[in-house]
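Take a look at the letters that make up each chain.
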Amino acid sequence: MTRHIVLSLIVAAVLLASALVVALTPRVSAFDPGGPPVGGAAPSVVTGNWEWINYQPTGGSYSPQNQINKGNVQFLETKWVFPFPHAPAITGRINEAYGAKAPTLIVDGIAYVAAQDRRIFAIDAGNGRLLWSNDYPRTSWNLTQARILAGPAIVGATALISGDIHAMNYYRDKGWLIPQVRNCMVYAVDAKTGKTVWNIEPWVLCGTAAEFGGGNVVGAAQGTIAGGFQGTTTGHAHPPQFLGNIMFVPIGGGSGNGGRPFVTAFDMSNPQNPQRLYREFLQPPPSGDPEWAIKECAKVNGNGWYFEYPRYLESVNYPARDRAPTYQATKCTDVPADVVRNDGIDLVPGSPTFGKMHTATNFGSAVWGNYPMDPETGLVYIGWGDQGPYTNLTHRYGPNIHGSGLTVHDVRTGKMVWWFQSVIHDLWDYDCAWSGILGQVQGKKAYIKGCKDGIVRAMDAATGQPLWTFDPPTILRNAKGQNYGVGSNNRPTDADACCRLIKEHMSKPWMHYPSKEQILLTCYTTCLESDIAYDGKNVYIGSFNAGVMHTVTNVRPFGNQGVGALGGEANAQLNPAFTNNTNIRSVTNTNIYAVDVNTGRQVWTFRQEDTSFRGGLSISGGMVIYYDGDGNLKFLDTDNGKVLAEKFYGFPVRMMPTVGASKDGKMKIFLYVGSTASRAAWLPASDGTLVALGLPDQLPQAQVITKEVIKEVPKEVIKEVIKEVPGKEVIKEVIKEVPGKEVTSTVTVETISPISYAAIGIGVVLVVISGVLFSRKKKA
């Protein structure tokens, strides 16, 4: 009998479905703003835009588009490249002033890039053509005037041109682009014309020298105790949040350089004449306030929370981790007052600042992540930078709230609603930088946030009570001398395991005190250095380990005192003398996790050896998109973490790719190659390139090859077997024998895509989309 077999289902599943998605996506509504969904839900309106650093004001880095998806991602090709014009010669942090590392925005078919030297580029997303650029305020303000008015405590020597621009947002109702707040400067640009709409100078946004008792020379005690301010402020934050005409901005202190972090807001009814509404400080004055932590607990009606990591590890039975946690945080009302009294005060007898705040102390430096706002409640959620100085805390007692912690404020008044101290008495620089997300946990609004200790948690958006805590099990906590959560014997009950809310730990000078030896840290200064993502189902996290040899030095009037050597040196010295675990093969690896948003339990993990990870994860088309430290752009399946495709560019670009459409509604993926985003010391400073990837105009057609297979049907042969069993009756068995062998038919369907070449940045990158071979075997 002859049978013709055609495996058309394979083609339908892989190619036809992808083609239909592209064809059926409604282009007329491609740029409907949609707006952030209420109640913390993930976005569902398909747009062609990526308007905020993390897609939308509530965060999450998730685009619901499905043109580019896991069924066709292997066909992506380079559509165009845009080499950034060379940055002007500047002084200061030269390597920070080239190219860009703020994720690309896509608005109504235009890609917007905030460059490191503060220029903004508008680029046609369809063809890569430059539409306009804005170099404000690189040449707009007089530096001498700025420093006289704002004082050296506010404006540094290269403040007007310094880089490190992490973000830019688009404000649709106003048509503004606002890049990161830098050195207490904030300004808006018209997205259509590139013209500057308004700007707020440093002495307006942060304050004047006279206000803070400043005017001293750089290097001295910048600011005075009488003025309520000492040291410097970084004046850095992600772009502001708006509630109507209220513009909200958090301002951090200087990392190891004193300063008092605060939140402030302006009435922007007339942007040319902004009016300050309030300024709420989040740190005691330089003279100190012994009751600070106690008052902060009362201020939020007891909705303040401390996290004691050794207690958490005890509850999960570390290192086995075979129990659900019974501890997630300590309520501030349950902490003995004498333990948190004198928070931040120098208690070392004979010290010049004894009984006051040390000059270098600050409770929260720059805000390096998106601070989502709930438009329904007017609450804004902030993750603060480090407690300074680190890693020598000899002259700083207490939990040091709110540095390396989270605070939630009413945008209308600035008043704090609740707070969560993620790391108490931070000896490690485990601040709470990078993005936060307003999401849903079991149908309830939740603030989802990770800090640089690698721990991610979901908290009740109204009260801060933790709903779940995820501590990535791949993070190596047992480097000898690190003592975060576990101590010398790799147990949370070890005496040197820090930190618990006891006086001994609140006054611990450094992590491996009293030793002054160099130590290996596998998580310094971070185990999580990227934006987490959220698609309504899972939270996606990119944690890592990276070995650093670390030395603690003496406290000085200003500046941090941790000195570290990265990478190879740490690996070379890895041996039992530097770790409690002799089975550790490598101390550098990245682990991407999917965590169930309702339970906080791991769904899957993907591991990459010999590389760390920085930047952020983006989610779209059923894929996790991330630019790995090994120079590969990777696409993982959101269902199981398996690699769907990858493209090699050769640069460890540490910035999140984004997804958006050109004016014809065709989706593209935007990423940087080269530039400062590479973040590699061995790479020369380069301007770099913006690359747009998209699907071919015509998806490759499958070549279906049909083979004719003849199937032989053998006849059954019946045999009769007589068995005689002594002492018993005769047994007759009938056995059917089918001679011949199994017949297998094979049909092969082949699809070969084009090969694309692109000149990228400082070199030529070959983009190869390999042929995909489909084969199926079926037993007849």
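The preceding data block contains the structure.
Predicted model, so just to flag it, every value in this text is computed and none were measured.

Engineer: An account of the side chain of aspartate 374 is needed here, citing residue identities and associated values.
Structural biologist: Take aspartate 374: it is sitting in strand 21 (residues 373-374). Here glutamate 376 takes part through its backbone nitrogen, which lies 2.9 Å from a polar atom of the side chain of aspartate 374. In terms of polar contacts, aspartate 374 uses its side chain to reach the side chain of lysine 445, at 2.6 Å. Among residues more than four places away in sequence, those in contact with aspartate 374 are Leu379, Tyr381, Leu438 and Lys445.

Engineer: So, the pattern of salt bridges: which residues are in play, and what are the values?
Structural biologist: Tallied over the entire structure, the rule returns 28 salt bridges. Arginine 172 serves as the salt-bridge partner of aspartate 108, at 3.2 Å between the closest nitrogen and oxygen. Highlighted residues: aspartate 108 in the loop between strand 4 (105-107) and strand 5 (110-114) and arginine 172 in the loop between strand 8 (168-171) and strand 9 (176-179), separated in sequence by 64 residues. Of the charged contacts in the structure, one is a salt bridge between arginine 477 and aspartate 471, with a shortest N-O distance of 3.0 Å.

Engineer: Outline the pairing of strand 26 (residues 436-441), supporting the account with residue identities and numerical values.
Structural biologist: Across the 6 residues that make up strand 26, a large majority, 5, are buried. Where strand 26 and strand 27 (residues 444-450) come together, 6 bridges link them in antiparallel fashion. The residue of strand 27 that forms the bridge with glycine 436 is lysine 449. As consecutive antiparallel partners, strand 26 and strand 27 are separated by 2 residues, and within that stretch glutamine 442 has a phi angle of approximately 50°, a positive value.

Engineer: Break down the sheet that holds strand 36 (residues 589-596) for me, citing the residues and quoting the values.
Structural biologist: Read across the sheet, 4 strands follow the order 32-33-36-37 without closing on themselves; strand pairing throughout is antiparallel. Each edge of the open sheet carries a strand with a single partner, namely strand 32 (533-534) and strand 37 (602-609). Two elements, strand 32 and strand 33 (residues 538-545), share 2 bridges in a ladder whose sense is antiparallel. Counted as the bridge partner of tyrosine 534 is valine 539 from strand 33.

Engineer: I'd like a rundown of the side chain of threonine 611, residues and numbers included.
Structural biologist: One can find threonine 611 in the loop between strand 37 and strand 38 (615-616). Taking the relative accessible area as the measure of exposure, threonine 611 reaches 5% and is therefore buried. A polar contact is formed between the side chain of threonine 611 and the backbone nitrogen of aspartate 630, at a distance of 3.5 Å. Every residue in contact with threonine 611, bar those within four places of it in the chain, is listed here: Thr588, Asn589, Thr590, Asp628, Gly629 and Asp630.

Engineer: Quick rundown of the state of the cysteines? Include the residues and the values.
Structural biologist: Throughout the structure, instances matching the rule amount to 5 disulfides. Covalent S-S linkage joins cysteine 498 and cysteine 499, the inter-sulfur distance amounting to 2.0 Å. A torsion of 85° about the S-S bond marks the disulfide between cysteine 498 and cysteine 499 as right-handed. The residues cysteine 498 and cysteine 499 share a single accessibility class, namely buried. Taking only the cysteines that form disulfides and numbering them from first to last, the chain has the pattern 1-2, 3-4, 5-6, 7-8, 9-10.

Engineer: Just give me the short version of the packing of aromatic side chains, but keep the residues and values in it.
Structural biologist: As enumerated under the stated definition, the model contains 31 aromatic pairs in all. An angle of 25° between the planes, with centres 6.4 Å apart, marks the rings of phenylalanine 307 and tyrosine 327 as stacked. Here tyrosine 327 lies in the loop between helix 5 (309-315) and strand 19 (330-331) and phenylalanine 307 lies in the loop between strand 18 (304-306) and helix 5, a separation of 20 residues in the sequence. Each member of the pair, phenylalanine 307 together with tyrosine 327, is buried. Considering the side-chain rings of phenylalanine 606 and tyrosine 626, the 6.5 Å spacing of their centres and the 70° angle between planes classify their relative orientation as edge-to-face. With a gap of 20 residues between them, phenylalanine 606 in strand 37 and tyrosine 626 in strand 40 (residues 623-627) connect regions that are remote in the sequence. A relative accessible area of 14% means that phenylalanine 606 is categorised as buried. With relative accessibility at 0%, the residue tyrosine 626 sits in the buried group. Cluster of aromatic residues (ring-pair linked, three or more members): Phe307, Tyr309, Tyr312, Tyr327, Trp428, Tyr430 and Tyr484. Looking at arginine 279, its charged tip hangs above the ring of phenylalanine 262, at a distance of 5.6 Å from the centre.

Engineer: Pulling in residues and values, what's your account of unusual backbone geometry?
Structural biologist: In this chain, glycine 388 is followed by proline 389 through a cis amide linkage whose omega measures 0°. With respect to the secondary-structure elements, proline 389 resides in the loop between strand 23 (387-388) and strand 24 (406-410). Omega for the peptide link from tyrosine 390 to threonine 391 comes to 10°, which places this bond in the cis form. The topology assignment puts threonine 391 in the loop between strand 23 and strand 24. Within the chain, asparagine 400 stands out as a residue other than glycine whose phi angle is a positive 65°.

Rules used throughout
- Residues numbered from 1 in each chain as written.
- Predicted model: local features only at pLDDT ≥ 70, side-chain atom pairs only at ≥ 80, totals over all residues.
- Heavy atoms only, no water.
- Helix = DSSP H or I, 4+ residues; strand = E, 2+ residues; numbered from the N terminus.
- Polar contact = N/O pair within 3.5 Å; in protein donor to acceptor, adjacent residues only side chain to side chain.
- Contact = heavy atoms within 4.5 Å.
- Salt bridge = Lys/Arg side-chain N within 4 Å of Asp/Glu carboxyl O.
- Buried < 20%, exposed > 50% of the residue type's maximum accessible area, 1.4 Å probe, protein only.
- Pairing = 2+ DSSP bridges.
- Disulfide = S-S within 2.5 Å.
- Phe/Tyr/Trp six-rings, centres within 6.5 Å; stacked < 30°, edge-to-face > 60°.
- Lys NZ or Arg CZ within 6 Å of the ring centre and 35° of its normal.

So yeah, pure geometry; function would need other evidence.
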